[in-house]
Amino acid sequence: MKRLDLEHLIFAALCCDCGLIAKKLIGPAANFVTELLHIPGGIATSFSLMFLVVAAATIRRFGCATIMGIVQSLLAFTFGMTGSMGALAPIGYILPGIVIDVILYISYKKNPIPTAGIVASSIASSICACLVANILVFNLGGIVLLVYASVAATSGAICSLPAFTLTERLIPILQKGVHTERKQT
């Protein structure tokens, strides 16, 4: 990964923190919905992953979301926010970060406009987090797993809308220095 400047590092750190805080804030409302459906969580995780998608789509460096997933997992582990996964929680943060990086990388190779990549990475990372939680903790199968994955995909799609809006507004601000450097060289 190319060297990031201080602005990008601070922005990535803020997005890591916002993801964890958002997960705590939206958790009670998300739990209400998932209790009605009798499935494990997934809505709050999608909202939390939205911040990784925003940062990775704004910074546009391969590996950014993976590194942020590692940082988020360390912070969550330190703050005791591991949930039902316990010591295996870092896997649940790192694998969706890898999915975000891969999908954004592929999408930017085909189309430099971030719309499709943001939507696809948000949905895929939410499903990845859902499947990791299922494998590590819940061991659901059949229709229940399908409903769980569908709720994760739907919440990922819904969270991609504010992610796209935020990315669209943040790119001109955070990439301003990059554009002026390119013009000078």
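Residues numbered from 1 in each chain as written. Predicted model: local features only at pLDDT ≥ 70, side-chain atom pairs only at ≥ 80, totals over all residues. Heavy atoms only, no water.

Chemist: Hey, could you run me through the overall build of the protein chain in this one?
Modeler: Tallying secondary structure elements over the protein chain gives 7 helices and 0 strands in all. Order of helices (α) and strands (β) in the protein chain, N terminus to C terminus: α-α-α-α-α-α-α. In terms of C-alpha radius of gyration, the protein chain reaches 16 Å, essentially the compact-globule figure of 16 Å for 185 residues. Based on the C-alpha atoms only, the size of the protein chain along its principal axes is roughly 55 × 35 × 25 Å. Counting the 185 residues in the protein chain, one finds 43% classified as buried. (Helix = DSSP H or I, 4+ residues; strand = E, 2+ residues; numbered from the N terminus. Rg over C-alpha atoms; globule rule 2.2 N^0.38 Å. Buried < 20%, exposed > 50% of the residue type's maximum accessible area, 1.4 Å probe, protein only.)

Chemist: I tried to follow unusual backbone geometry on my own but got confused; where do I start?
Modeler: Note: most residues except glycine have negative phi, and most peptide bonds are trans. Although it is not a glycine, R60 adopts a positive phi angle of roughly 60°. Note that R60 resides in the loop between helix 2 (43-59) and helix 3 (64-79). Its identity as a non-glycine residue notwithstanding, N139 has a phi of 55°, on the positive side. Its location among the elements puts N139 in the loop between helix 5 (115-138) and helix 6 (142-174). The class for N139 is exposed, based on a relative accessible area of 59%.

Chemist: Help me out: how do you make sense of a nonpolar patch on the surface in this one?
Modeler: Together, F62, L88, I91, L95, I98, V102, Y105 and I106 line one region of the surface with nonpolar side chains, adding up to about 670 Å² of accessible area. Relative to the assigned elements, I91 resides in helix 4 (residues 89-110). Residue class for I91 comes out partly exposed when judged on its relative accessible area of 35%. (Patch = residues over 30% accessible without salt bridge, like charges linked within 9 Å, V, L, I, M, F, W, Y side chains within 5 Å. Areas by Shrake-Rupley, 256 points an atom, 1.4 Å probe, with all protein chains shown as cover. Salt bridge = Lys/Arg side-chain N within 4 Å of Asp/Glu carboxyl O.)

Remember that the coordinates give geometry; whether it matters functionally is a separate question.
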